[in-house]
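For reference, the chains in residue letters:
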Amino acid sequence: MGRGPHHAQGNGSSHGADRVTKQRGDRTRVVTAGRRAEWTQGVVNPPVWRASTHLYESVADLRAAGGRDTHHRLFYGRRGAPTQWSLADALTELEPGAEGTFLYPSGVAAVAAALLSVLQPGDELLCVDSAYDPTRSLATGLLRRLGITTRFYDPLIGADIADLIGPATRAILLESPGSLTFEVQDVPAITAVARARGLVTLLDNSWATPLLFPAIRNGVDLTILAGTKYVGGHSDVMLGAVTAAPGHFARLRDTSFQLGQVASPDDAWLAARGLRTMALRLAEQGRSALAIARWLEQQPEVARVLHPALPGSPGHATFMRDFAGPAGLFAFVLNGGDEAARAALIDGLELFGIGYSWGGFESLAIPVDPARYRTATSPDFAGPLVRLSIGLEDSDDLIADLAAGLARFRAVRG
């Protein structure tokens, strides 16, 4: 395509770049985003800048550097370099209306920094009951030790969340869909209530990415991604990111600097490489996952399929209203059986690995027990749950693998 695109330069902001690219398609944006000429330096991909120490011409230059804003300026390795900045720029450009993005060494680190940037001792956090377990642990562990209380709420509460807001409430944490039971939250309704009450909203948007759900356009203040998943896409990198709406980036950045957070340049480079094919992978994995989910619905060994794009899944109408399409992660409920029967299904799978995470090119299957992680709601299922992350294998092959697994389940269940 010749030279990389020349985007407007700024201190952590890509408002100019957003004006240039916001009308382009997703596939174009993931290819072009973040590739400023100053980052790429004449090549297609930004080079890997590995450096802890940046040198100065004189003592005067050294002292002057410490007295100015060092974001997107060479200062010290902990503040990053063009490899990290180009990826942060790209993620900012994928969120229409965003001010800036900060990178982290994991998704959990991103959640922690985002929360610590908006909460202080004495505050209350409203956290969705379907949140990722490490997020719950952060709320009931570190935040509690810091004097921050957390109240968990029903993911389907919508605008009625107004009834839970008290004098100490400062922020609302959302995750939509939930990563175990896949309830879709009414994000626009919740963010509207939050804005009216002066609260900050944070969304873990790892399931959808901004390609399927543009969080800031839907009123979210801080949107969080586990870049380990669809952004990286190859199960070889740990990375997190928080993208901020206008007015929220400076505090996020300063808090992250104070925490010493930095993503390695090699990890940022791997994630940027994965980003360039994310639109294609996400579309294909979503298509395949939906086909498999529909097949599972027809199997007598399956009591229920928890996929937001299927009627009957919690929040389905909201999903159809707000999301551009499905992703590759969902769960299904077995029709009776016990742990041994579920294990027989999973252990014999040939194309599904058994492992945490999702969003890579390979399919995964794990047992999930959501009741262990709920306090405000009590999901009642007919049998054990299995969560699937659908990769890039042929969907017919994955269905055949699951069919054999269901036969094993049936044999053990009796």
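Residues numbered from 1 in each chain as written. Predicted model: local features only at pLDDT ≥ 70, side-chain atom pairs only at ≥ 80, totals over all residues. Heavy atoms only, no water.

Visitor: Is there a simple way to explain unusual backbone geometry in this structure?
Guide: Negative phi is the rule for most residues except glycine; trans is the rule for most peptide bonds. The linkage connecting Ser 176 with the following residue, Pro 177, adopts the cis geometry, with an omega of -5°. In this fold, Pro 177 is placed in the loop between strand S4 (169-175) and helix H8 (187-197). We note that Phe 182 has phi near 65°; this positive angle belongs to a residue other than glycine. Within the secondary structure layout, Phe 182 lies in the loop between S4 and H8. Here the phi dihedral of Ser 235 falls at roughly 55°; this positive angle occurs in a residue that is not glycine. With respect to the helices, strands and loops of the structure, Ser 235 is situated in the loop between strand S6 (222-226) and strand S7 (240-244). (Helix = DSSP H or I, 4+ residues; strand = E, 2+ residues; numbered from the N terminus.)

Visitor: What am I meant to see in the pattern of salt bridges here?
Guide: Once their charged atoms are close, side chains differing in charge can pair, the charge on each being opposite to the other. Applying the stated criterion across every chain yields a total of 14 salt bridges. A salt bridge links Arg 50 to Asp 266, with the shortest nitrogen-to-oxygen separation between them at 2.7 Å. Taken together, the positions of Arg 50 in the loop between helix H3 (37-40) and helix H4 (59-66) and Asp 266 in helix H11 (residues 265-275) put the pair 216 residues apart, joining distant regions of the chain. Relative accessible area serves as the criterion here: at 60%, Arg 50 is assigned to the exposed category. (Salt bridge = Lys/Arg side-chain N within 4 Å of Asp/Glu carboxyl O. Buried < 20%, exposed > 50% of the residue type's maximum accessible area, 1.4 Å probe, protein only.)

Visitor: Hey, could you run me through the packing of helix H5 (residues 82-93) against H11 in this one?
Guide: Geometrically, a packed helix pair is captured by the angle between its two axes and the distance between the axes. In the contact formed by H5 and H11, the axes pass within 8 Å of each other and the chain directions differ by 35°. As H5 runs across H11, the sense of the crossing is left-handed. Contacts between H5 and H11 involve Thr 83, Gln 84, Leu 87, Ala 90 and Leu 91 from the first element and Pro 265, Ala 268, Trp 269, Ala 271, Ala 272 and Leu 275 from the second. Grouping the amino acids of the contact of H5 with H11 by side-chain chemistry returns 9 nonpolar, 2 polar and no charged. (Axes fitted to C-alpha atoms, helices over the stretch in contact; angles between N-to-C directions. Left-handed = near helix turned anticlockwise from the far one by under 90°. Contact = heavy atoms within 4.5 Å. Nonpolar A, V, L, I, M, F, W, Y, C, P; charged D, E, K, R; others polar.)

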